[in-house]
Amino acid sequence: MSYTPPLPPFAGICTFARLPYQPAPIAADVAILGVPYDSSTSYRSGTRLGPRTLREQSLLLWGYNNVLKVAPFTTLNAVDAGDVAVVPVDILATHRAIEAAAESWLNVGAKLITLGGDHSITLPLLRRHAAKYGPLAVLHFDAHPDTWDCEYPGQRYSHGTPFVRAIEEGLIDREAYVQLGIRGPTSGPQDYVDALNLGARMITMEEFRQHTVADVIAEIRQRIGSRPLYMTFDIDCIDPAFAPGTGTPEVGGFTSFEALQLVRGMDGMNCIGFDLVEVSPPFDPTAITSILGANLVFEFLSLLCLQTKSAGATRPA
Ligand code: MN
Ligand code: MN
């Protein structure tokens, strides 16, 4: 039988890492779901193009993780679930569509990796994950707390409010809610006070820089323990020098390498879901932001791979 070489990265139809396109739920280990919604951004939009571009930039993920020593695409039964049918002019209808898609995949036992979209999409995802797992430990990477009560008068849902709504709805275990990468000017001191009053353990960039990455990882692991861990990754936690393609950039953030270290640092934890939000391709002319985003998804897939290989295993010393 003749050997058919795999397609080179620049050829073929594009799904995430060329995983099978599977819009209808099937029993899979992981479903990668796009949510091309950006109508609730507060500055410049463009993240509706995030899922499409992240798929395109995922094609250089050759498959083997040399740090975590796993090959997620051959170990996991992972699929690209396509995009949620968002409604650009209706955030509540969009949230309903996200919940329906998430529920359908969680019901067949898949773990979800969701590609945004702006950060408002995390609330419906937290709802469906909490419905399955109970109140969640949440590791929230972001330059911003996203805990405003209302970003616009009378509007409870936008990309600046998902975590206050999630706390109100009891979706987050307040003992295990960690914000990581917070920085930049705010409208006043109350922005941080509000987040702290909600129970967040806020690790600002100022604090992060005073410690080693290993120390920060150790504290997060200790705080979260064996709780079901949902990671939500707003790409604006990264320094705009590394990730300019986002709607509300803040200078002075993580390097790409620190982000990889922090995500890998959750190896062996009870990871149950992940989203990557706020990648805005129109502000990303070299695709550097989307390349990092695709690699962060690969790291999370690698964490799920480790989990599947050794469920309940504790981290080696
Ligand atoms: Mn955010
Ligand atoms: Mn942000």
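Note that the coordinates shown come from a computational prediction; the quantities given were computed from them, not determined experimentally.

Colleague: Help me get a handle on the side chain of Thr114, residues and values and all.
Modeller: Inspection of the secondary structure assignment puts Thr114 in strand 3 (residues 111-116). When residues no more than four places from it in sequence are discounted, the contact partners of Thr114 are Leu33, Val35, Ile121, Leu125, Phe274, Asp275 and Leu276.

Colleague: Can you lay out the side chain of Arg55 for me, pointing to particular residues and giving the numbers?
Modeller: Among the structural elements, Arg55 can be located in helix 1 (residues 50-57). Residues contacting Arg55, with those up to four places away along its chain left out, are Cys14, Thr15, Phe16, Gly34, Asp80, Gly82 and Asp83.

Colleague: Give a description of the pairing of strand 5 (residues 172-182) that names residues and reports values.
Modeller: The element strand 5 is largely enclosed, with a buried count of 9 among its 11 residues. In this sheet, strand 5 lies alongside strand 4 (residues 136-141) in parallel orientation, the contact comprising 5 bridges. Note on strand 5: the bridge partner recorded for Val138 is Tyr177. In terms of strand pairing, strand 5 meets strand 6 (residues 201-204) through 4 bridges, oriented parallel. Bridge pairing in strand 6 links Val178 to Arg201. For the segment spanning strand 5, helix 6 (residues 190-197) and strand 6, crossover handedness is right-handed.

Colleague: Account for the packing of helix 3 (residues 91-107) against helix 4 (residues 122-133), naming residues and giving values.
Modeller: Working note: a packed helix pair is described by the angle between its axes plus the distance between those axes. At a minimum axis separation of 8 Å, helix 3 and helix 4 run at an interaxial angle of 35°. The hand of the helix 3/helix 4 crossing is right-handed. Touching His95, Ile98, Glu99, Ala102, Glu103 and Leu106 of helix 3 are Leu123, Pro124, Leu125, Arg127, Arg128, His129 and Lys132, all from helix 4. Among the residues forming the contact of helix 3 with helix 4, the class breakdown is 6 nonpolar, 2 polar and 5 charged.

Colleague: Describe the coordination of the manganese ion (ligand 1), listing the residues and the values that go with them.
Modeller: Protein-derived ligands of the manganese ion (ligand 1) are His119 (ND1), Asp142 (OD), Asp146 (OD) and Asp234 (OD), with the metal-ligand distances lying across 2.1 to 2.2 Å. Mapped onto the sequence, the donors of the manganese ion (ligand 1) take the spacing H-x22-D-x3-D-x87-D. Between the two metal centres, the manganese ion (ligand 1) and the manganese ion (ligand 2), the spacing is 3.3 Å, with Asp142 acting as a shared donor. With a gap of 88 residues between them, Asp146 in the loop between strand 4 and helix 5 (162-168) and Asp234 in strand 7 (residues 229-234) connect regions that are remote in the sequence.

Colleague: Explain the state of the cysteines to me, and be specific about the residues and the numbers.
Modeller: Evaluation of the coordinates by the stated rule reveals 0 disulfides. In this structure Cys237 is not part of a disulfide, and its nearest cysteine sulfur, from Cys271, lies 16 Å away. For Cys237, a relative accessible area of 0% translates into the label buried. In this structure Cys271 is not part of a disulfide, and its nearest cysteine sulfur, from Cys305, lies 12 Å away.

Colleague: Before we move on, can you summarise the pattern of salt bridges with the specific residues and values?
Modeller: Throughout the structure, instances matching the rule amount to 17 salt bridges. Linking Arg209 and Glu258 is a salt bridge whose minimum nitrogen-to-oxygen distance equals 2.7 Å. Of this pair, Arg209 sits in the loop between helix 7 (205-208) and helix 8 (213-224) while Glu258 is found in helix 9 (residues 256-264), placing the two residues 49 residues apart along the sequence. On the basis of relative accessibility, which here comes to 12%, the residue Glu258 falls in the buried class.

Colleague: So, the nonpolar core: which residues are in play, and what are the values?
Modeller: With 57 residues, the main nonpolar core has Phe141, Met231 and Phe233 as its most contacted residues. Element by element, the count of residues in this core is highest for helix 10 (residues 288-309), at 11 residues. Membership of the second largest hydrophobic core comes to 35 residues, among which are Val84, Ala102, Leu112 and Leu136.

Colleague: Give a description of the coordination of the manganese ion (ligand 2) that names residues and reports values.
Modeller: Here the manganese ion (ligand 2) is held by Asp142 (OD), His144 (ND1), Asp234 (OD), Asp236 (OD) and Asp236 (OD), and the distances to it run 2.1 to 2.5 Å. Each donor residue of the manganese ion (ligand 2) belongs to the same chain, with the gaps between them written as D-x1-H-x89-D-x1-D.

Colleague: Residues and numbers for the pairing of strand 1 (residues 30-35), please.
Modeller: For strand 1, the tally of buried residues reaches 6 of 6 residues, placing the bulk of the element in the interior. Here strand 1 shows two buried faces, one formed by Val30, Ile32 and Gly34 and the other by Ala31, Leu33 and Val35. With 5 bridges connecting them, strand 1 and strand 2 (residues 78-83) associate as parallel partners. Within strand 2, the position partnered with Gly34 by the bridge is Asp83.

Colleague: With reference to specific residues and values, describe the environment of Asn65.
Modeller: Tracing the backbone through its elements, the reader meets Asn65 in the loop between helix 1 and helix 2 (72-75). Between the C-alpha atoms of Asn65 and Ile113, which are 48 residues apart in sequence, the distance is 18 Å. Beyond its immediate stretch of four places on either side in the chain, Asn65 contacts Val70, Phe298, Glu299 and Ser302. In this structure the side chain of Asn65 is engaged in a polar contact, spanning 3.0 Å, whose partner is the backbone nitrogen of Val67.

Each value, and the rule that gives it
Residues numbered from 1 in each chain as written. Chains lettered and ligands numbered in written order. Predicted model: local features only at pLDDT ≥ 70, side-chain atom pairs only at ≥ 80, totals over all residues. Heavy atoms only, no water. Helix = DSSP H or I, 4+ residues; strand = E, 2+ residues; numbered from the N terminus. Contact = heavy atoms within 4.5 Å. Buried < 20%, exposed > 50% of the residue type's maximum accessible area, 1.4 Å probe, protein only. Pairing = 2+ DSSP bridges. Right-handed = clockwise from strand over helix to strand, strands pointing away. Axes fitted to C-alpha atoms, helices over the stretch in contact; angles between N-to-C directions. Left-handed = near helix turned anticlockwise from the far one by under 90°. Nonpolar A, V, L, I, M, F, W, Y, C, P; charged D, E, K, R; others polar. Donors = N, O, S within 2.8 Å, 3.2 Å for Na, K, Ca; no water. Disulfide = S-S within 2.5 Å. Salt bridge = Lys/Arg side-chain N within 4 Å of Asp/Glu carboxyl O. Core = buried A, V, L, I, M, F, W, Y, C linked by side-chain atoms within 4.5 Å. Polar contact = N/O pair within 3.5 Å; in protein donor to acceptor, adjacent residues only side chain to side chain.

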